[in-house]
Amino acid sequence: MRFLLRRVVFYALTAWAAITINFFIPRMLPGDPVTALLGRMQGRIDSNAEHSLRVLFGLDQDTSMWQQYLDYWGLLLRGDLGLSFTHFPTPVADIVSQSLPWTVGLVGVATIIAFVIGSLIGTFLGWRRGTWADGLLPVATFFQAVPYFWLGLITIAVLSVNLGWFPSSGSYDRGLVPAFSGEFIGSVVYYGFLPALTVVLSSVAGWVLGMRNMMVTVSSEDYVTVAHAKGLPERQVMLGYAARNAVLPQVSSFALSLGFVVGGTLIMEMVFSYQGIGYTLYQAVSTHDYPLMQGCFLVITLSVLVANMVADLAYALLDPRTRTEDR
Amino acid sequence: MSTGVETSPGVARDAGPTAEEPVLEVRNLSVDYGFGDDPTHVLREVSLTLRRGEVLGLAGESGCGKSTLAYAATRLLPPPGLITGGEVWLTGRDGERADLLALSDAELRAARWRDIAIVFQGAMSSLNPVFRVEKQLIDGILAHRPRMGRAEARERAAELLRLVGISADRLRAYPHQLSGGMRQRVMIAMALALEPQVLIMDEPTTALDVVMQRQILEQVMELRERLGFSVVLITHDVSLLVEVADRIAVMYAGEIVETAPARDVYQRPRHPYSAGLLGSFPPLHGPRRELAGIPGAPPDLSQREPGCPFAPRCPHVMDVCRTELPVLGRTAQAEEARLVACHLHTSLSAGEKLPDLVAR
Ligand SMILES: Nc1ncnc2c1ncn2[C@@H]1O[C@H](COP(=O)(O)OP(=O)(O)OP(=O)(O)O)[C@@H](O)[C@H]1O
Ligand code: SF4
Ligand SMILES: [Mg+2]
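Residues numbered from 1 in each chain as written. Chains lettered and ligands numbered in written order. Predicted model: local features only at pLDDT ≥ 70, side-chain atom pairs only at ≥ 80, totals over all residues. Heavy atoms only, no water.

J.: I'd like to hear about the overall build of chain A, residue by residue, with values.
T.: Regarding its fold elements, chain A presents 13 helices and zero strands. Secondary structure elements of chain A occur, N-terminal to C-terminal, as α-α-α-α-α-α-α-α-α-α-α-α-α. Taking the principal axes of its C-alpha atoms as reference, chain A extends roughly 80 × 60 × 40 Å. Relative to its full complement of 327 residues, chain A shows a buried share of 46%. (Helix = DSSP H or I, 4+ residues; strand = E, 2+ residues; numbered from the N terminus. Buried < 20%, exposed > 50% of the residue type's maximum accessible area, 1.4 Å probe, protein only.)

As structure tokens, then:
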């Protein structure tokens, strides 16, 4: 229990630091592009929204820094991230909360699939090391070395342009109205298949190689030999003893990679014009939409933090040694 | 189920070779390390017999192949180790004999732990750090007795812990919450879970302090009396073996060089290496001899020379020793229960006398 409390306090502190840095950065930038934009918006922006933007971007120089900081927290706690310039007057919070589920859904699922498949293959390759199974390693290394955008473009060229099996961009059939219906969900899956496939292909090799190496290491541990000596069935030794321990470092990297789902999908969403947070960020950057950019950064930072926390907790659940105070 | 197994009646200590049937018989076991053109021949035609109810001590300097023998005999040798020849005959409870090295995977799995259990040298790391002691005791039991219920298996696990003097509430502990001595006892309890006929213990106590070492060994010997299993005890501490073993096999450079009743090895070693090995340890009783030790170091097993591997260090080396490998055979004194691999015992012409070292 004390372990849990310590971790929670640690993450609360980190989150506080991240948000505070997010508060200071615009205040330290030389010049301010926002004033200019605000000037252009003059008249179209109501005073309340303008106040939000001023607080968020450090333009409210007439109040004390401390007051600014408190105001800033007040806005965040109310979920007010200001208004987007390009999609004026849509609140940034709305845009972010519309694009985030797409990213989390698509890349999250793809990452989980890649992790599960990769770890299973890695378990098998590590268990059968020194046999024909080692012949598969160069294949894995190849996929790990291929740059993502190249893989994405090849996939589009072959499966979508040439064969016409899958759409090359978008996230669902625009003719449909988003609803919780079989047809709409089917369309989402259909449109998401290709991007998900590329994400799986490009990340599965890392899981395979990582798991395989850990399996090789763990297989020579004494407790695995003991499991053999006890006459346990081979599957039980492989999964229950070797893989069970070999997967521990994988779990940490898995949770970390979940954190990068949100921030790291920029290229995928650009290649496939997928309406996730990465694509939104890309658009915000190219149109100088500062409030939207800041909102995206905040979400990305927080999601990395949450993923880290999940990693920590999962690891603690799986490894009793981390739960004791004296280690 | 009771823990009482037939204690073999009438097992006399220092029994002669015909006293009891063999329960484990290793014949001409050879092991190489490395698959290439030039593997290291670590074990060369090792033969060893363990009789029912007996404690057989296996002694020898570090690196002579004691662990390799234990792993090979249980078919647990990790790569690049490779068994290149030999047989390991195990007599089941029903009296049926089977060659462990020829069993199918399923038969081997069934025989492991039920007939032959092993406590490894690295007993500190023999427990899986992420599972409770309970689970690790139970899964072995259930693998062999699938019809036993979980509750019954748990009951048995508690009983096993009490057997080695650990309170049953430690079942819920993780390995890192136990002391070294406790982990060692847990491993012994685990090895006894299915009442095996043979228990192999590879340096079971080296990581522990002297007091703990004695305690644990005494406990194992006491359990042996009660449960009636046979023990192969591997150690480089000959003085310990003299106390607890019925017979001692002395190993040098991957070969057995002498095997005899423990007291005979101690009082009258017949192989110059055994004599040297005993000289390295203070005597248990009687006047203190000067500790001689053995000058020189064990040979590099990857660069075998022809002849007796002990020749470079042997005080009695003869010409024949450098060219011909001595094989295990009767001693010059033609003792019943003793075998020795040394040219001193075979190549001396009628008039010559054995050197004092091996003639007492
Ligand atoms: N994986 C390996 N590859 C090559 N040689 C090995 C390997 N494992 C062991 N050996 C060699 O085999 C020989 C016997 O090793 P083994 O572990 O059986 O010795 P031991 O008698 O148990 O020693 P100790 O008393 O230190 O435990 C040693 O000379 C060692 O160098
Ligand atoms: S065979 Fe020769 S070298 Fe080897 S132990 Fe005997 S006397 Fe010494
Ligand atoms: Mg050893």
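J.: Describe the coordination of the magnesium ion (ligand 3), naming the residues involved and giving the relevant values.
T.: All names here are of chain B. Around the magnesium ion (ligand 3), the donor atoms from the protein are Ser67 (OG) and Gln121 (OE1), and they sit 1.8 to 2.2 Å away. Of this pair, Ser67 sits in helix α1 (residues 66-73) while Gln121 sits in the loop between β6 (116-119) and α3 (133-144), placing them 54 residues apart in sequence. Given the relative accessible area of 39%, Gln121 is considered partly exposed. (Donors = N, O, S within 2.8 Å, 3.2 Å for Na, K, Ca; no water.)

J.: Requested: an account of helix α9 (residues 272-279) of chain B, with residues and values cited.
T.: All names here are of chain B. With eight of eight residues buried, α9 is to be regarded as a mostly interior element. Restricting attention to buried positions, one finds in α9 the residues Pro272, Tyr273, Ser274, Ala275, Gly276, Leu277, Leu278 and Gly279. Buried positions along α9 lie against β3 (55-59), α7 (238-244), β9 (247-252), β10 (255-261) and α8 (262-267). (Contact = heavy atoms within 4.5 Å.)

J.: Now, about the packing of aromatic side chains: what can you tell me, with residues and values included?
T.: Residue and element names in this part refer to chain A. Scanning the entire structure with this criterion turns up 20 aromatic pairs over all chains. An angle of 90° between the planes, with centres 6.0 Å apart, marks the rings of Tyr190 and Tyr191 as edge-to-face. By relative accessible area, Tyr191 is classed as buried at 17%. Feature note: the residues Phe23, Phe24, Trp66, Tyr69 and Tyr72 constitute an aromatic cluster, connected by ring pairs. (Phe/Tyr/Trp six-rings, centres within 6.5 Å; stacked < 30°, edge-to-face > 60°.)

J.: Give a detailed account of the site of ligand 1, specifying residues and quantitative values.
T.: Residue and element names in this part refer to chain B. Among the 13 residues in the neighbourhood of ligand 1, the closest are listed as Ser62, Gly63, Ser67, Thr68 and Gln121. Within the side chain of Lys66, an N or O atom sits 2.8 Å from an oxygen atom of ligand 1. In the model, an oxygen atom of ligand 1 is placed 2.5 Å from a nitrogen or oxygen of the Thr68 side chain. For ligand 1, whose free accessible area comes to 640 Å², the fraction covered by protein is 64%. Top element by residues in the shell around ligand 1 is α1. It accounts for three residues. A per-class count over the shell around ligand 1 returns five nonpolar, six polar and two charged. (Near = heavy atom within 4 Å. Polar contact = N/O pair within 3.5 Å; in protein donor to acceptor, adjacent residues only side chain to side chain. Areas by Shrake-Rupley, 256 points an atom, 1.4 Å probe, with all protein chains shown as cover. Nonpolar A, V, L, I, M, F, W, Y, C, P; charged D, E, K, R; others polar.)

J.: Hey, could you go over the site of ligand 2 for me, with residue numbers and the actual values?
T.: With respect to spatial proximity, the complete set of residues near ligand 2 consists of His271(B), Pro272(B), Cys308(B), Phe310(B), Ala311(B), Cys314(B), His316(B), Cys321(B), Pro326(B), Cys342(B), His343(B) and Leu344(B). A breakdown of the residues in the shell around ligand 2 according to their chemical character gives nine nonpolar, three polar and no charged.

J.: Explain the interface of chain B and chain A residue by residue, including any values.
T.: Facing the 25 residues of chain B at the interface are 24 residues of chain A. Summing the contributions of chain B and of chain A, the shared interface buries around 2,100 Å²; its carbon and sulfur component is 61%. The largest per-residue losses of area from chain B upon contact with chain A belong to Arg109(B), Val130(B) and His176(B), which jointly make up 26% of the total buried on that side. Salt-bridge contacts for Lys230(A) lead to Asp139(B); the nearest nitrogen and oxygen are separated by 2.8 Å. Applying the counting rule to chain B against chain A returns eight residue pairs in polar contact (both at pLDDT 80 or more). (Buried area = accessible area lost by both parts, 1.4 Å probe. Salt bridge = Lys/Arg side-chain N within 4 Å of Asp/Glu carboxyl O.)

J.: Which residues make up the sheet that holds β6(B), and what are the values?
T.: Residues and elements named next belong to chain B. With respect to topology, seven strands assemble into an open sheet ordered β6-β7-β8-β3-β9-β10-β11, the strand pairing being mixed. Whereas interior strands pair on both sides, the edge strands pair on one side only; in this sheet they are β6 and β11 (339-340). The sheet contact formed by β10 and β11 spans two bridges and is antiparallel. Among the inter-strand pairings, Glu258 is bridged to a residue of β11, identified as Val340. This element, helix α5 (residues 180-191), spans β6 and β7 (198-202) of the sheet and lies at about 175° to β6. Against the sheet, helix α6 (residues 210-227) makes contact with β3, β7 and β8 (230-235), and its axis sits at roughly 170° relative to β7, the strand it touches most. (Pairing = 2+ DSSP bridges. Axes fitted to C-alpha atoms, helices over the stretch in contact; angles between N-to-C directions.)

J.: A description of the pairing of strand β2 (residues 40-51) of chain B should follow, citing residues and the corresponding values.
T.: If a strand is regular, its side chains alternate between the two faces of the sheet. All names here are of chain B. Where strand β1 (residues 22-33) lies against β2, eight bridges are found, and the strand directions are antiparallel. Pairing of Val31 across the sheet is with Leu43, part of β2. Taken together, β1 and the strand that follows it, β2, pair antiparallel across an intervening segment of six residues, in which Gly34 is found at a positive phi of about 100°.

J.: Explain α3(B) to me, using residue names and the numbers behind them.
T.: Of all twelve residues that make up α3(B), ten are buried, and the element is covered over most of its length. Looking at α3(B), one finds that the buried residues are Val133(B), Glu134(B), Gln136(B), Leu137(B), Ile138(B), Asp139(B), Gly140(B), Ile141(B), Leu142(B) and His144(B).

J.: Before we move on, can you summarise the packing of helix α1 (residues 2-28) of chain A against helix α4 (residues 65-77) of chain A with the specific residues and values?
T.: Residues and elements named next belong to chain A. For the pair α1 and α4, the least separation of the axes is 11 Å and the interaxial angle reads 120°. By the criterion of interaxial angle, the relationship of α1 to α4 is oblique. In terms of crossing hand, the pair formed by α1 and α4 is right-handed. Packed against α1, whose contacting residues are Trp16, Ile19, Thr20, Asn22, Phe23, Phe24 and Arg27, the element α4 presents Met65, Gln68, Tyr69, Tyr72, Trp73 and Leu76 at the interface. Residues of the contact of α1 with α4, tallied by class, amount to nine nonpolar, three polar and one charged. (Parallel < 35°, antiparallel > 145°, perpendicular 65-115°, else oblique. Left-handed = near helix turned anticlockwise from the far one by under 90°.)

J.: Please provide a residue-by-residue account of the pairing of β9(B), values included.
T.: Residues and elements named next belong to chain B. For β9, the tally of buried residues reaches six of six residues, placing the bulk of the element in the interior. The alternating pattern of β9 places Arg247, Ala249 and Met251 on one face and Ile248, Val250 and Tyr252 on the opposite face, and all of these are buried. Relative to β9, β3 is paired through four bridges, and the arrangement is parallel. Each residue of the ladder has a partner; that of Leu58, found in β9, is Ala249. Where β9 meets β10, six bridges bridge the pair, whose relative direction is antiparallel. By the bridge assignment, Ala249 is partnered in β10 with Thr259.

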